[in-house]
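The primary structure of each chain is shown beneath.
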Amino acid sequence: MPVTTIECQLTQAQVKRYISGADLPDDVLNALERHLKACPECMAEANRQREANGGAPVEVAQALIETEAKATLWSKALGKFAKTSG
């Protein structure tokens, strides 16, 4: 894939770590996800790499991560509620 902007270059430099689930700093993760949502070429490359490694496309993986995070927050909230009301 031809890399056309500095944002694309930075994204491509981090995309393998991103799709492998590496622990990226929040600012890097946020910038990477913003760029992937805005740049179809980089999203396609990220999906190509993920699928080549046997994983789900980035959009699917991100939805799963968000769902898991919401479930974790809900579970923690319920646990705190149970402690305070019991």
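No experiment lies behind these values; they were computed from the predicted model shown.

Q: Break down the packing of helix H1 (residues 6–19) against helix H3 (residues 40–52) for me, citing the residues and quoting the values.
A: The geometry of H1 relative to H3 is characterised by a closest axis approach of 10 Å and an angle of 25 degrees between their N-to-C directions. Judged by the angle between their axes, H1 and H3 are roughly parallel. The hand of the H1/H3 crossing is right-handed. Counted together, Cys 8, Thr 11, Gln 12, Val 15, Lys 16, Tyr 18 and Ile 19 of H1 and Cys 42, Glu 45, Ala 46, Gln 49 and Arg 50 of H3 form the full contact between these two elements. Classifying every residue of the contact of H1 with H3 gives 6 nonpolar, 3 polar and 3 charged.

Q: I'd like a rundown of H1, residues and numbers included.
A: Taking 1.5 Å of rise per residue, the 14 residues of H1 would be expected to cover 20 Å, and the 20 Å separating its terminal C-alpha atoms lies within 8% of that figure. Buried within H1 are the following residues: Cys 8, Thr 11, Gln 12, Val 15, Tyr 18 and Ile 19. Of the residues flanking the end of H1, it is Gly 21, one or two places downstream, whose phi is positive at about 85 degrees.

Conventions adopted
Residues numbered from 1 in each chain as written. Predicted model: local features only at pLDDT ≥ 70, side-chain atom pairs only at ≥ 80, totals over all residues. Heavy atoms only, no water. Axes fitted to C-alpha atoms, helices over the stretch in contact; angles between N-to-C directions. Helix = DSSP H or I, 4+ residues; strand = E, 2+ residues; numbered from the N terminus. Parallel < 35°, antiparallel > 145°, perpendicular 65-115°, else oblique. Left-handed = near helix turned anticlockwise from the far one by under 90°. Contact = heavy atoms within 4.5 Å. Nonpolar A, V, L, I, M, F, W, Y, C, P; charged D, E, K, R; others polar. Expected span 1.5 Å × (residues − 1). Buried < 20%, exposed > 50% of the residue type's maximum accessible area, 1.4 Å probe, protein only.

Without other data, these values stay purely geometric and don't point to any function.
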